[in-house]
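Chain and residue survey
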Amino acid sequence: MVNFSYSSNLQGSFERPDGVDKVTANLKFLTDLSFPNMLYGKILRSVYPHAKIISISAKNAEELPGVRAVITSKDVPGLNRFGLIFPDQPVLCEDRVRYVGDAVAAVAAETEEIAEKALQLIEVEYEPLPVIDDPEKALLPSAPQLHPDGNILHQASYQKGNVEEAFQTCDFIVEETYELPRQMHAYMETEGGVIVPEKDGRITVYAGTQHGYKDRFQLARILDIPESKIRVVSSPMGGSFGGKDELNIQPYGALLAIKTGCPVKIHQSRRESVRSGLKRHPMKITMKTGASRSGKILAHQVRIIADTGAYATLGPAVLDFAVEHAAGPYIIRNVHVEGVSVYTNNGVAGEFRGFGGNQVTFALEGQMDRLAAKLGICPMELRKRNLRKADDPGPVGQEIAPTDGAAQVLKAISQSLLLNNKEKREESTSQWKKTGIGVAIAMHGGGLGFGRLDPAGGRISLNEEGKIEISFGFEEFGQGLLSVIEQLAIKEIGCSSNDIKITIGDTDCVPSSGSSTASRGTSMVWHALQRMKGPFKKRLLEKASQCTGVPVDQLYLGPSGIWSCESKTEPLITYQQIAYETKDDPIQIETEFHFPTTPHSIPGGHYLYSFAACAARVEVDVLTGIVRVKNLEQSVAAGPVIYPTGYLGQIEGGSVMALGYTLLEEALMEKGKYVTENFDSYLIPTINDIPLSMNITAIEDLYEGDEYGPRGVGEIGTVAVAPAIVKAIYDAIGLWVTKLPVSREEIVKAVNQREMKEWLTTKL
Amino acid sequence: MKIRVKVNGHLFESDVEPRTLLVYYLRDELKLTGAHVGCDTTSCGACTVLFDGKAVKSCTVLAVQANGREVLTVEALDQEGQMHPLQTAFWEDHALQCGYCTPGMLMASYALLQKNPMPTEEEIREGLSGNICRCTGYMNIVKAVQSASRKMANETQESLEEVATSGTSTE
Ligand code: FES
Ligand code: FES
């Protein structure tokens, strides 16, 4: 009999405002939409990872009955490039393709079948070029150059003290190279939507993204039309995890819709999505870490090589993040981190939940465990001895908001059930199954960091119907932002959920709030409401006072309207009445501000951090090499919890996604082509792969004087899981895994080695 | 090809291409967009519907195979504005985030509870192992199916008691 358990200190559940529509399927995803006269679009992507385009002939395709338009690079009126940091990715390739997702043509037809047929009729003559399928090969002087400035997209480094000298004084040194795989976001809804030309000459883009305004900006540049002519409706979405932040099908849909004058729907198949979509950066990270006998880490040297694929997108920022977090929450006197992000002909890597932090944390925590083993001290103790204090600077020496989150999560996890339940620890279901426990911690910056455009803003108004309308330029892709807005509004304003109307994800009616990324949504909603609630309440109360003659100081906002200290059963004046009274001068408050950043000019350096500690218990089948995560616990320090079930959901969902990263997932490429093209070979965790129990603890207290409120938890739950699982495998069978996903063959092979057998028997 | 198929209790007569998959027939022809498409390989379960009472992945069935059959989609789960206990449970237990997998999960759970009204946790995991959810980590999905099953058992109990006290019998 298997026992399952769930627990957490997070109590109180509020149902999601979008929940009913989701369980009844009343909610339409943007890929569910259809419009009269709608055509279907398809994108022709390169057959080669690297080739010259000699010629493209669309004649046969154009002549196919039912085909309404075929477009190639010549049909792009504006800039034929896109990219979130700088535009280097062709919308439609002119003379060269650099990866198998590169688009060369697109078709709009009356049915999807015709569109597909038309793609086959487009004749593209290629001259294949040598393929760079490995970032280290790309760095060789003899490698073909993928871009005018060569194959290096970005380099970043951080240095303090002198590592070389410090290594001389170390009693113990651990050096290891870690390899991290290309993980796929695998959002269940693949990229898609409908682009509709409107009667007034504008276009409406119904397609998921994490930053509607940014899409609008990029599309205007491509289409060569003013931004005001484009409306982007970007919510709801069937998942994103960072993967839909960059443009995907929007430019093709828009070009085809403008050309044909008809709505055009594009919904990529999973295969197309795998081929063209972003992935997590594969990284090779070498770390050399040295400590004194007493367990003080003296030197830490890091080299990161990231495979960014064919184009830039957010590659530079991901590398900066990895470099910044390479020493994590530890205070080390001598540090040298060097990172390079390299162009290859592999799939494009970009934004993905965790943003480079997952890779370096895996390596860093691996170092801590190896060092502890060498030193013969408890790995928790080693961490503790080197952990940052509340007032210590950030990981790259920058000023940050003081935080003792690292110590808090470490303490909380050391008190966890898993680490204190001896019985459970020893239990193993057969002699061929070995169990082990591992712990890891993580530190994670929120927001985009120093020097990055990171504006935020929001609006609150009393609309004509008397609803308190709260608008943000954010998107809902499952993370529960709507609930967060609703809960915060109820708390900060005092009204009830029935009084609120939330508007998001539509550039025609929301203010600019920046992107729904980098764990910034919750944080920015809170900040915006702090700024807006005072003036908004003041105006409402003044009006109410004017209408009722009751002085302002005896009035307050409550359910349905303004209440006086005397009113017991109903408000003195309802929101509807006030809306009516203010119809000529509606009450509306807007705010604009910037995500809090460090004053130190370190590109991408963060100011606000959250922390997590993860404990995992695994069972390793030494005959098959199968690793099962039996129990998983996480302690998270990210400030006050706004929406408990949503918070839990982020950490649980993030944990399972990270479990997949550790044990199953890899978008394998061979010579620049995907080997895993779909969910039959790219495996993500099913309900059978999840732990029997997960226990999440939230540490809500912020450090004294911290006025920055709740931090987002979209990412932090994914970071510490892999190193915890891998340490648990070591604990079980004595194998240090350095490469993810954990290979079953490697386990079986290791177990069969003599030394390992000895290790196993001594363990028993 | 002409087909006659009963979907959510209504009879539809349609002319479909032989290659049309049931999921696209439901989505494009009947505008029942609750069944979603998440893969091309029968791997994700987002398209799960009931086909003659059994949970099937509607991306693996041709529309023509539905001729003379009965299909039930998520759109028919709520009755007269009353949500099915599974729907309520998925909502209340936060068994969804983006919601894209939810209709498939609901239909797979529905089929499971029909076969086995009080499944153990292991049986729930077994029954839903063909449905992928990328967002939730599944914990709350298990919880939701459990609470729906309890609620349904209570409802059956109550209606049995009602029947017993009123002394009438039902067909
Ligand atoms: S779409 Fe049917 S199983 Fe994935
Ligand atoms: S809720 Fe998003 S896939 Fe399940």
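Residues numbered from 1 in each chain as written. Chains lettered and ligands numbered in written order. Predicted model: local features only at pLDDT ≥ 70, side-chain atom pairs only at ≥ 80, totals over all residues. Heavy atoms only, no water.

Now for the overall build of chain A. Assigned secondary structure in chain A consists of 21 helices and 31 strands. Whereas a compact globule of 764 residues would reach a radius of gyration of roughly 27 Å, chain A reaches 27 Å, a difference of no more than 12%. Its C-alpha atoms give chain A principal-axis dimensions of about 80 × 80 × 55 Å. The buried share among the 764 residues of chain A stands at 64%. For chain A, contacts bridging at least 24 residues in sequence account for 80% of all contacts bridging at least 6. Carbon together with sulfur atoms contributes 49% to the accessible area of chain A, which is approximately 27800 Å² in total. Within chain A, one finds 78 positive and 94 negative side-chain charges whose respective centroids are separated by 4 Å. (Helix = DSSP H or I, 4+ residues; strand = E, 2+ residues; numbered from the N terminus. Rg over C-alpha atoms; globule rule 2.2 N^0.38 Å. Buried < 20%, exposed > 50% of the residue type's maximum accessible area, 1.4 Å probe, protein only. Contact = heavy atoms within 4.5 Å. Areas by Shrake-Rupley, 256 points an atom, 1.4 Å probe, with all protein chains shown as cover. Lys, Arg positive; Asp, Glu negative; His and termini not counted. Charge placed at Lys NZ, Arg CZ, Asp CG, Glu CD.)

Moving on, we come to unusual backbone geometry. Generally, phi is negative for residues other than glycine and the peptide bonds are trans, each holding for most cases. Each neighbour pair has its own omega, and for A:S235 with A:P236 the value is 0°, a cis peptide bond. Residue placement: A:P236 occurs in the loop between β14 (230-233) and α7 (250-260). The backbone of B:N8 shows a phi angle near 50°, a positive value even though the residue is not glycine. Following the sequence through the fold, B:N8 ends up in the loop between β1 (2-7) and β2 (10-15). The backbone of B:K31 shows a phi angle near 60°, a positive value even though the residue is not glycine. Look at B:K31 and you get partly exposed, because its relative accessible area is 48%.

Quick look at the interface of chain A and chain B now. Taken residue by residue, the interface counts 59 residues in chain A and 45 residues in chain B. Between chain A and chain B, the buried area comes to about 4600 Å², and carbon and sulfur atoms account for 60% of it. Here chain A and chain B share 3 salt bridges between them. A salt bridge links A:E113 to B:R19; its shortest N-O distance comes to 4.0 Å. Counting every contact that joins chain A to chain B gives 20 residue pairs in polar contact (both at pLDDT 80 or more). Secondary structure elements with two or more residues in the side of chain A that touches chain B: α1 (19-23), α8 (270-276), α18 (644-663) and β31 (693-699) of chain A. Top contributing element to the side of chain A that touches chain B by residue count: α18(A), with 8 residues. When the residues that make up the side of chain A that touches chain B are grouped by side-chain class, the tally is 26 nonpolar, 21 polar and 12 charged. (Buried area = accessible area lost by both parts, 1.4 Å probe. Salt bridge = Lys/Arg side-chain N within 4 Å of Asp/Glu carboxyl O. Polar contact = N/O pair within 3.5 Å; in protein donor to acceptor, adjacent residues only side chain to side chain. Nonpolar A, V, L, I, M, F, W, Y, C, P; charged D, E, K, R; others polar.)

Another aspect to go through is the packing of aromatic side chains. The geometry of two aromatic rings is summed up by the distance between their centres and the angle between their planes. All names here are of chain A. A full pass over the atoms with the stated rule returns 9 aromatic pairs over all chains. Summarising the aromatic geometry, the rings of Y99 and Y311 are spaced 6.1 Å apart at their centres and angled 75° between planes, so their arrangement reads as edge-to-face. Of this pair, Y99 sits in the loop between β7 (96-97) and β8 (103-109) while Y311 sits in the loop between β17 (297-309) and α9 (315-324); the two residues are 212 residues apart in sequence, bridging distant segments of the chain. Each ring, one from F472 and one from F474, has its centre 5.9 Å from the other, and the planes form 15°; the classification is stacked. The exposure class of F472 is buried, given its relative accessible area of 0%. By relative accessible area, which is 0% here, F474 ends up buried. Note that K288 overlies the ring of F167, its terminal NZ or CZ placed 4.4 Å from the centroid. Over the ring of F593 we find R531, and its NZ or CZ is 4.2 Å from the ring centre. (Phe/Tyr/Trp six-rings, centres within 6.5 Å; stacked < 30°, edge-to-face > 60°. Lys NZ or Arg CZ within 6 Å of the ring centre and 35° of its normal.)

Further remarks concern the packing of helix α6 (residues 212-223) of chain A against α7(A). Residue and element names in this part refer to chain A. Two elements in contact, α6 and α7, have axes separated by 10 Å at closest approach and are oriented at 50°. Considered as vectors, α6 and α7 are oriented oblique to each other. Considering the relative orientation of α6 and α7, their crossing is right-handed. Of the residues in α7, those in contact with D215, L219, I222 and L223 of α6 are Q250, P251, A254, L255 and I258. Here the residues of the contact of α6 with α7 sort into 7 nonpolar, 1 polar and 1 charged. (Axes fitted to C-alpha atoms, helices over the stretch in contact; angles between N-to-C directions. Parallel < 35°, antiparallel > 145°, perpendicular 65-115°, else oblique. Left-handed = near helix turned anticlockwise from the far one by under 90°.)

A few words now on a negative patch on the surface. All names here are of chain B. On the surface, a cluster of negative charge is made up of E155, E158, E161 and E162. As for its position among the elements, E155 is in helix α5 (residues 139-166). Classification of E155 by relative accessible area gives partly exposed; the value is 39%. (Patch = residues over 30% accessible without salt bridge, like charges linked within 9 Å, V, L, I, M, F, W, Y side chains within 5 Å.)

Turning next to the domain arrangement of chain B. All names here are of chain B. Once the domains are mapped, chain B shows domain 1 (1-76) and domain 2 (77-163). If you average the C-alpha positions of domain 1 and of domain 2, the two centres end up 21 Å apart. At the interface, 18 residues of domain 1 touch 17 residues of domain 2. Summed over both sides, the interface between domain 1 and domain 2 buries roughly 1300 Å², with carbon and sulfur atoms accounting for 58% of that surface. In terms of surface lost to domain 2, no three residues of domain 1 exceed H36, V74 and A76, which account for 34% of the buried area on that side. The tally of links between domain 1 and domain 2 comes to 9 residue pairs in polar contact (both at pLDDT 80 or more). (Domains from an automatic or database assignment.)

Here we take up the pattern of salt bridges. All names here are of chain A. All chains considered together, the criterion is met by 41 salt bridges over all chains. D18 is paired through a salt bridge with R16; the nearest N and O atoms lie 2.8 Å apart. The pair D18 / R16 is uniform in exposure class, with both members buried. R16 serves as the salt-bridge partner of E476, at 3.1 Å between the closest nitrogen and oxygen. Highlighted residues: E476 in the loop between β21 (468-472) and α15 (481-493) and R16 in the loop between β1 (5-8) and α1, separated in sequence by 460 residues. Here R16 falls in the buried class, since its relative accessible area comes to 1%.

To continue, consider the nonpolar core. In this structure, A:I304 and B:F90 are the most contacted members of the largest nonpolar core, which totals 147 residues. For this core, the leading source of residues is helix α19 (residues 721-733) of chain A, giving 9 residues. Core analysis: the next-biggest nonpolar cluster, separate from the first, contains 44 residues, A:A401, A:L462, A:I468 and A:L488 among them. (Core = buried A, V, L, I, M, F, W, Y, C linked by side-chain atoms within 4.5 Å.)

Our next topic: the sheet that holds strand β16 (residues 283-291) of chain A. Strands pair in a sheet through their backbones, by hydrogen bonds, and they do so in one of two ways: parallel or antiparallel. Residues and elements named next belong to chain A. Pairing is mixed in the open sheet, where 5 strands are placed in the order β10-β18-β17-β16-β11. Two strands in the sheet have a free side with no partner beyond their single neighbour: β10 (152-160) and β11 (172-180). Adjacent strand axes in the sheet meet at a mean angle of 5° when their direction is disregarded. In this sheet, strand β18 (residues 334-343) lies alongside β17 in parallel orientation, the contact comprising 10 bridges. Note on β18: the bridge partner recorded for R303 is E338. (Pairing = 2+ DSSP bridges.)

Side chains of residues three or four places apart in an α-helix project in the same direction, reflecting 3.6 residues per turn. Taking 1.5 Å per residue, 13 residues should reach 18 Å; α19(A) reaches 19 Å between its end C-alpha atoms and fits that length. Two residues or fewer past α19(A), A:G734 is found with a positive phi of approximately 75°. (Expected span 1.5 Å × (residues − 1).)

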